[in-house]
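Spelled out from the first residue to the last, the chains are:
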Amino acid sequence: SDWSSDVCSSDLEHTLQAALCLIQLLEGRSRAGATPGLNARHFEIAIAAVLLHDTGYLKLHSDRGGTGAKYTFVHVIRSCAFAASYLPTVGFSNIEVDAVESAIQCTGPRNDIAHIKFAGEIERFLGSALASADFLGQMAAPDYVDELPFLFAEFEESDNFYHVPLEKRVFRSVSDLVAKTPRFWERFVLPRISDDYRGVYRFLAEPYPGGPNAYVEAVERNLARTISLAQCAVG
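To start, this report covers the structure provided alongside it. (Residues numbered from 1 in each chain as written. Predicted model: local features only at pLDDT ≥ 70, side-chain atom pairs only at ≥ 80, totals over all residues. Heavy atoms only, no water.)

1. Regarding helix α4 (residues 94-105)
The terminal C-alpha atoms of α4 lie 16 Å apart, and with 12 residues this matches the ideal 16 Å at 1.5 Å per residue to within 8%. For α4, the set of buried residues is E96, V97, A99, V100, E101, S102, A103 and I104. (Helix = DSSP H or I, 4+ residues; strand = E, 2+ residues; numbered from the N terminus. Expected span 1.5 Å × (residues − 1). Buried < 20%, exposed > 50% of the residue type's maximum accessible area, 1.4 Å probe, protein only.)

As C-alpha coordinates, then:
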(Lines give C-alpha, C1' and ligand atoms only; values in the text may rest on other atoms or scores of the structure.)
Protein backbone atom coordinates (compact mmCIF):
# COMPACT_ATOMS: atom_id res chain seq x y z
CA SER A 1 0.00 0.00 0.00
CA ASP A 2 1.07 3.60 -0.60
CA TRP A 3 -0.67 4.64 2.60
CA SER A 4 0.53 4.71 6.20
CA SER A 5 -0.88 5.98 9.48
CA ASP A 6 0.28 7.44 12.77
CA VAL A 7 -1.34 6.88 16.14
CA CYS A 8 -3.94 9.51 16.99
CA SER A 9 -7.42 9.59 18.50
CA SER A 10 -8.94 8.94 15.05
CA ASP A 11 -7.31 5.53 14.91
CA LEU A 12 -8.48 1.95 14.65
CA GLU A 13 -9.89 2.03 18.17
CA HIS A 14 -12.19 4.96 17.36
CA THR A 15 -13.21 3.35 14.08
CA LEU A 16 -14.22 0.19 15.93
CA GLN A 17 -16.08 2.21 18.60
CA ALA A 18 -18.07 3.96 15.87
CA ALA A 19 -18.64 0.67 14.06
CA LEU A 20 -20.01 -1.02 17.18
CA CYS A 21 -22.32 1.92 17.87
CA LEU A 22 -23.53 1.90 14.26
CA ILE A 23 -24.22 -1.83 14.32
CA GLN A 24 -26.22 -1.50 17.53
CA LEU A 25 -28.14 1.42 16.05
CA LEU A 26 -28.99 -0.57 12.92
CA GLU A 27 -30.01 -3.52 15.06
CA GLY A 28 -32.25 -1.29 17.18
CA ARG A 29 -33.89 0.14 14.08
CA SER A 30 -34.55 -3.34 12.75
CA ARG A 31 -36.13 -4.44 16.03
CA ALA A 32 -38.28 -1.31 16.01
CA GLY A 33 -39.67 -2.26 12.60
CA ALA A 34 -38.87 1.14 11.09
CA THR A 35 -39.49 1.75 7.42
CA PRO A 36 -38.18 1.71 4.80
CA GLY A 37 -36.55 -1.58 5.69
CA LEU A 38 -32.85 -2.26 5.20
CA ASN A 39 -31.47 -5.29 3.41
CA ALA A 40 -28.13 -7.07 3.79
CA ARG A 41 -26.45 -4.89 1.17
CA HIS A 42 -27.51 -1.71 2.95
CA PHE A 43 -25.82 -3.09 6.06
CA GLU A 44 -22.64 -3.76 4.07
CA ILE A 45 -22.69 -0.21 2.69
CA ALA A 46 -23.04 1.15 6.22
CA ILE A 47 -20.12 -0.94 7.46
CA ALA A 48 -17.95 0.12 4.53
CA ALA A 49 -18.74 3.76 5.32
CA VAL A 50 -17.88 3.51 9.00
CA LEU A 51 -14.68 1.57 8.36
CA LEU A 52 -13.51 4.12 5.79
CA HIS A 53 -14.87 7.35 7.27
CA ASP A 54 -11.55 8.37 8.83
CA THR A 55 -9.16 7.05 6.19
CA GLY A 56 -8.57 10.69 5.33
CA TYR A 57 -6.11 10.77 8.22
CA LEU A 58 -3.84 8.31 6.40
CA LYS A 59 -0.60 9.63 4.97
CA LEU A 60 1.28 8.55 1.91
CA HIS A 61 4.53 6.76 2.72
CA SER A 62 6.28 9.64 0.98
CA ASP A 63 4.74 12.10 3.47
CA ARG A 64 7.37 12.38 6.19
CA GLY A 65 6.12 15.46 8.01
CA GLY A 66 4.11 15.20 11.21
CA THR A 67 1.17 12.84 11.62
CA GLY A 68 -2.13 12.36 9.83
CA ALA A 69 -3.69 14.68 12.39
CA LYS A 70 -2.62 17.60 10.21
CA TYR A 71 -5.44 16.60 7.84
CA THR A 72 -8.13 17.05 10.52
CA PHE A 73 -9.96 19.80 8.63
CA VAL A 74 -9.78 18.05 5.24
CA HIS A 75 -9.97 14.41 6.28
CA VAL A 76 -13.58 13.98 5.15
CA ILE A 77 -12.90 14.80 1.51
CA ARG A 78 -9.75 12.66 1.65
CA SER A 79 -11.79 9.78 3.10
CA CYS A 80 -14.27 10.09 0.24
CA ALA A 81 -11.44 10.01 -2.28
CA PHE A 82 -10.00 6.89 -0.68
CA ALA A 83 -13.40 5.18 -0.67
CA ALA A 84 -13.97 6.08 -4.32
CA SER A 85 -10.65 4.54 -5.35
CA TYR A 86 -10.83 1.44 -3.15
CA LEU A 87 -14.44 0.22 -3.07
CA PRO A 88 -14.79 -0.53 -6.82
CA THR A 89 -11.91 -2.99 -6.43
CA VAL A 90 -14.01 -5.05 -3.97
CA GLY A 91 -17.22 -5.12 -6.00
CA PHE A 92 -19.06 -1.91 -5.09
CA SER A 93 -21.07 -0.33 -7.89
CA ASN A 94 -20.99 3.38 -8.71
CA ILE A 95 -24.32 3.87 -6.94
CA GLU A 96 -23.06 2.08 -3.84
CA VAL A 97 -19.85 4.10 -3.80
CA ASP A 98 -21.95 7.27 -4.00
CA ALA A 99 -23.96 6.07 -0.99
CA VAL A 100 -20.77 5.48 1.00
CA GLU A 101 -19.39 8.88 0.04
CA SER A 102 -22.63 10.63 1.01
CA ALA A 103 -22.59 8.92 4.39
CA ILE A 104 -18.96 9.88 5.01
CA GLN A 105 -19.73 13.50 4.13
CA CYS A 106 -22.28 13.54 6.96
CA THR A 107 -19.47 13.02 9.48
CA GLY A 108 -17.85 16.35 8.71
CA PRO A 109 -18.63 18.86 11.49
CA ARG A 110 -18.51 21.65 8.91
CA ASN A 111 -20.79 19.88 6.44
CA ASP A 112 -24.50 20.69 6.28
CA ILE A 113 -26.53 17.53 5.66
CA ALA A 114 -29.15 19.66 3.91
CA HIS A 115 -26.61 20.26 1.14
CA ILE A 116 -25.56 16.63 0.73
CA LYS A 117 -27.04 14.74 -2.21
CA PHE A 118 -28.68 11.42 -1.33
CA ALA A 119 -30.13 8.88 -3.75
CA GLY A 120 -33.08 8.26 -1.43
CA GLU A 121 -34.40 8.00 2.10
CA ILE A 122 -32.37 4.92 2.98
CA GLU A 123 -29.13 6.62 1.95
CA ARG A 124 -30.00 9.64 4.08
CA PHE A 125 -30.69 7.39 7.04
CA LEU A 126 -27.35 5.62 6.59
CA GLY A 127 -25.57 8.98 6.61
CA SER A 128 -27.44 10.10 9.72
CA ALA A 129 -26.72 6.81 11.45
CA LEU A 130 -23.01 6.95 10.62
CA ALA A 131 -22.62 10.54 11.76
CA SER A 132 -24.51 9.84 15.00
CA ALA A 133 -22.37 6.77 15.69
CA ASP A 134 -19.22 8.76 14.94
CA PHE A 135 -20.06 11.30 17.65
CA LEU A 136 -21.46 8.87 20.20
CA GLY A 137 -18.85 6.17 19.71
CA GLN A 138 -16.13 8.67 20.55
CA MET A 139 -17.78 10.71 23.28
CA ALA A 140 -19.19 7.68 25.12
CA ALA A 141 -15.88 5.81 25.17
CA PRO A 142 -14.65 4.99 28.69
CA ASP A 143 -11.32 6.70 27.99
CA TYR A 144 -12.77 9.73 26.19
CA VAL A 145 -11.81 12.24 28.88
CA ASP A 146 -8.32 10.78 29.18
CA GLU A 147 -7.90 11.09 25.41
CA LEU A 148 -8.71 14.81 25.30
CA PRO A 149 -5.04 15.88 25.56
CA PHE A 150 -4.30 13.77 22.46
CA LEU A 151 -7.33 15.24 20.70
CA PHE A 152 -6.05 18.73 21.46
CA ALA A 153 -2.65 17.77 20.04
CA GLU A 154 -4.40 16.81 16.78
CA PHE A 155 -6.21 20.15 16.58
CA GLU A 156 -2.98 21.97 17.35
CA GLU A 157 -1.04 20.10 14.66
CA SER A 158 -3.75 20.83 12.10
CA ASP A 159 -3.91 24.50 13.10
CA ASN A 160 -0.13 24.74 12.82
CA PHE A 161 -0.16 23.00 9.43
CA TYR A 162 -2.69 25.51 8.06
CA HIS A 163 -1.10 28.45 9.88
CA VAL A 164 -4.25 29.33 11.81
CA PRO A 165 -3.56 32.36 14.04
CA LEU A 166 -3.79 31.65 17.76
CA GLU A 167 -6.67 34.10 18.20
CA LYS A 168 -8.74 32.21 15.59
CA ARG A 169 -8.22 28.74 17.01
CA VAL A 170 -11.23 27.01 18.55
CA PHE A 171 -9.17 25.60 21.42
CA ARG A 172 -6.17 27.37 22.94
CA SER A 173 -5.07 24.64 25.38
CA VAL A 174 -6.01 21.24 26.77
CA SER A 175 -7.79 22.88 29.69
CA ASP A 176 -9.72 25.06 27.24
CA LEU A 177 -10.82 21.95 25.33
CA VAL A 178 -11.86 20.21 28.56
CA ALA A 179 -13.84 23.25 29.71
CA LYS A 180 -15.63 23.64 26.37
CA THR A 181 -16.55 19.97 25.92
CA PRO A 182 -19.94 20.14 27.75
CA ARG A 183 -20.95 23.15 25.67
CA PHE A 184 -19.83 21.34 22.51
CA TRP A 185 -22.21 18.50 23.37
CA GLU A 186 -25.13 20.71 24.41
CA ARG A 187 -24.92 23.32 21.65
CA PHE A 188 -23.55 21.32 18.73
CA VAL A 189 -23.61 17.54 19.00
CA LEU A 190 -26.98 17.01 20.70
CA PRO A 191 -28.89 19.43 18.42
CA ARG A 192 -27.19 17.89 15.41
CA ILE A 193 -27.96 14.26 16.21
CA SER A 194 -31.48 15.21 17.32
CA ASP A 195 -32.45 17.50 14.44
CA ASP A 196 -30.10 17.25 11.45
CA TYR A 197 -29.80 13.48 11.86
CA ARG A 198 -33.49 13.09 12.77
CA GLY A 199 -32.87 11.54 16.15
CA VAL A 200 -31.86 8.16 14.76
CA TYR A 201 -29.62 7.71 17.83
CA ARG A 202 -32.81 6.93 19.74
CA PHE A 203 -32.75 3.47 18.14
CA LEU A 204 -29.97 2.80 20.67
CA ALA A 205 -32.54 2.93 23.48
CA GLU A 206 -33.13 -0.41 25.16
CA PRO A 207 -35.99 -1.05 24.87
CA TYR A 208 -36.99 1.33 22.08
CA PRO A 209 -38.31 3.99 22.26
CA GLY A 210 -38.50 4.87 25.94
CA GLY A 211 -35.76 2.77 27.49
CA PRO A 212 -32.38 4.01 28.68
CA ASN A 213 -29.80 4.93 26.05
CA ALA A 214 -26.48 3.53 27.24
CA TYR A 215 -24.49 5.73 24.86
CA VAL A 216 -26.10 8.97 25.97
CA GLU A 217 -25.71 7.97 29.61
CA ALA A 218 -22.01 7.26 29.03
CA VAL A 219 -21.57 10.65 27.37
CA GLU A 220 -23.23 12.34 30.33
CA ARG A 221 -20.85 10.59 32.72
CA ASN A 222 -17.89 11.78 30.67
CA LEU A 223 -19.25 15.32 30.63
CA ALA A 224 -19.57 15.25 34.41
CA ARG A 225 -15.87 14.34 34.58
CA THR A 226 -14.89 17.24 32.30
CA ILE A 227 -16.92 19.65 34.45
CA SER A 228 -15.19 18.38 37.57
CA LEU A 229 -11.76 18.71 35.94
CA ALA A 230 -12.53 22.23 34.74
CA GLN A 231 -13.67 23.26 38.22
CA CYS A 232 -10.50 21.84 39.77
CA ALA A 233 -8.41 23.76 37.24
CA VAL A 234 -10.14 27.02 38.13
CA GLY A 235 -9.92 26.28 41.84
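2. Here we look at the nonpolar core
Among the nonpolar cores identified, the biggest contains 63 residues, and L87, V100, I104, F125, L136, W185 and I193 are the most heavily contacted of them. Put simply, the parts of the chain that give this core at least two residues each are α1 (12-32), α2 (40-52), α3 (75-86), α4, α5 (121-139), α6 (144-161), α7 (174-196) and α8 (214-234). Apart from the residues within four sequence positions on either side, V100 is in contact with I45, A48, A49, A83, L87 and F92. (Core = buried A, V, L, I, M, F, W, Y, C linked by side-chain atoms within 4.5 Å. Contact = heavy atoms within 4.5 Å.)

3. A word on the packing of α6 against α8
Geometrically, a packed helix pair is captured by the angle between its two axes and the distance between the axes. Where α6 contacts α8, the axes come no closer than 9 Å and their chain directions differ by 60°. The residues of α8 that touch α6, namely those facing Y144, V145, D146 and L148, are N222, R225, T226 and L229. Of the residues in the contact of α6 with α8, the class split is 4 nonpolar, 2 polar and 2 charged. (Axes fitted to C-alpha atoms, helices over the stretch in contact; angles between N-to-C directions. Nonpolar A, V, L, I, M, F, W, Y, C, P; charged D, E, K, R; others polar.)

4. A closer look at the side chain of R192
Here R192 lies in helix α7. R192 sits in the buried class, given a relative accessible area of 7%.

5. Some points on the pattern of salt bridges
Using the criterion set out here, one finds 9 salt bridges in the structure. Between E96 and R41 there is a salt bridge, with the nearest N and O atoms lying 2.9 Å from each other. Linking E96 in helix α4 with R41 in helix α2, this pair joins segments that are 55 residues apart in sequence. By relative accessible area, E96 is classed as buried at 15%. Accessibility expressed as a relative area gives 27% for R41, which makes it partly exposed. (Salt bridge = Lys/Arg side-chain N within 4 Å of Asp/Glu carboxyl O.)

6. Regarding the packing of aromatic side chains
Evaluated as defined, the whole model comprises 8 aromatic pairs. Taken together, a centroid distance of 6.1 Å and an interplanar angle of 25° make the contact between F82 and Y86 stacked. Linking F82 with Y86, this pair stays in helix α3, spanning 4 residues, or about one helical turn. For F82, a relative accessible area of 16% corresponds to the buried category. By relative accessible area, Y86 is classed as partly exposed at 39%. Through a chain of ring-to-ring contacts, three or more aromatic side chains come together here, namely Y71, F161 and Y162. In this structure, R41 packs its charged tip against the face of F92, placed 4.3 Å from the ring centre. Cation over ring: R78 sits above Y71, and NZ or CZ is 3.9 Å from the ring centre. (Phe/Tyr/Trp six-rings, centres within 6.5 Å; stacked < 30°, edge-to-face > 60°. Lys NZ or Arg CZ within 6 Å of the ring centre and 35° of its normal.)

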